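Analysis of the macromolecular model
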Amino acid sequence: MTIPSTVIEVEATPGGDPVLEESLESRPASGRKLLRGFLTDVPAMLSLGYIVLILLMAIFAPLIVLVSGWGPYEFDQTAIDPNMGAIPLGPFGGISAEHWFGVEPGSGRDIFARIAYGARVSMTVALSATFLTTILGVVFGLLAGYFGGWIDTAISRVMEFLMAFPALIFMIAILSALPSDNRIVLLVVVISLFGWPYLARIVRSQTLSLKEREFVESARASGASGAHIIFREILPNLMSTIVVMATLAVPGYIGTEAGLSFLGVGVVPPTPSWGQMIAAAAPWYAVDPMYFLIPGTFLFLLVLSFTTLGDRIRALIGSSEVRA
């Protein structure tokens, strides 16, 4: 049972103007307005288009490299000049019909193939961490906000404990001490461990407000169980907040994975990673700037796209609530 929008609108209007109430009741569903606004929002659509492009690149990376002709682990010694410090032959880092984004200096590995497989790593870690973080944050936030008492105290203390840590330093320490097997799984777990309290705090605060509303009191008086009230009454009214928070969390986790790989504690070579490629490109930027610019541009645009998409969704939801 979600809160009817017309009820909120009438209650928020002192005096109960019948003309206003009638106009509010005749408004179309807010979901259609949001979808229409989203489809006509140019920054949101451009961001979504780039995100979909990277997702398709990640999903179909094995097929894409078959078309390009070079895998992410293949060395092409004919594409580098051994007499010039193994820098790529040709202009712009060896970009050619054979190597679409050029080759890595020193090894001759195809940059396009490693970008495609690096997208798979970045999206897998970021989306998996976002999913796990959202589940943990929503569940613990709902439990703390609805039940209160010792449950709220215990969960809140755990959240404060985790948020007090300098997360990046502890991620580096934990990942450095763990074996390199299943590093992607370890990245997801470690990132989620430090990420869920931020969403949980917001869900808890909104649950504290919603549990005192009339529709929750009505469900409680009718004999509904706590689980029913939490997941059928309160949770649907938090969905817009959860969607916005999850969308804004993805670029942070993409940057975290890239940063950890850049520092050498993320994805282990030779598995491709954009952060790892940027770290490897640092000594070569003076003689082969394309090796640094290509993965850096892909990473920058992906983070920017998710951030813009989250901001536009938040703005559209906020403007819809204001108009309501």
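As a starting point, this report considers the structure included with it.

The rules behind each value
- Residues numbered from 1 in each chain as written.
- Predicted model: local features only at pLDDT ≥ 70, side-chain atom pairs only at ≥ 80, totals over all residues.
- Heavy atoms only, no water.
- Buried < 20%, exposed > 50% of the residue type's maximum accessible area, 1.4 Å probe, protein only.
- Helix = DSSP H or I, 4+ residues; strand = E, 2+ residues; numbered from the N terminus.
- Arc of directions from axis to C-beta.
- Core = buried A, V, L, I, M, F, W, Y, C linked by side-chain atoms within 4.5 Å.
- Contact = heavy atoms within 4.5 Å.
- Polar contact = N/O pair within 3.5 Å; in protein donor to acceptor, adjacent residues only side chain to side chain.
- Phe/Tyr/Trp six-rings, centres within 6.5 Å; stacked < 30°, edge-to-face > 60°.

1. Some remarks on helix α10 (residues 214–221)
- Of the positions making up α10, those classed as buried are Phe215, Val216 and Ala219. Mapping the buried residues of α10 onto a view down its axis gives an arc of 100 degrees, with all of them on the same face. Facing away from the buried side of α10 by more than 90 degrees, the exposed set consists of Glu214 and Ala221.

2. Examining the nonpolar core
- Core analysis: the biggest nonpolar cluster contains 49 residues, and Ile54, Ile115, Ile254, Trp274, Phe298, Leu302 and Phe306 have the highest contact counts within it.
- Among the elements of the structure, α4 (42–59), α5 (61–68), α6 (111–147), α8 (167–177), α9 (183–210), α12 (239–262), α13 (274–281) and α14 (289–323) are those that each provide at least two residues to this core.
- With eleven residues, the single largest contributor to this core is α6.
- With residues near it in sequence (within four places) discarded, Phe306 still touches Ile51, Met123, Thr247, Val250, Pro251 and Ile254.
- With 15 residues, the next largest nonpolar core counts Val203, Ala219, Ile234 and Leu235 among its residues.

3. Quick word on the side chain of Ser156
- Mapped onto the fold, Ser156 is located in helix α7 (residues 149–164).
- Separated by 2.7 Å, the side chain of Ser156 and the backbone oxygen of Asp152 make a polar contact.

4. So, the packing of aromatic side chains
- For the coordinates displayed, the defined rule picks out nine aromatic pairs.
- Every member of this aromatic cluster is reached through a ring pair, and the members are Trp100, Phe101, Phe112, Trp274 and Phe298.

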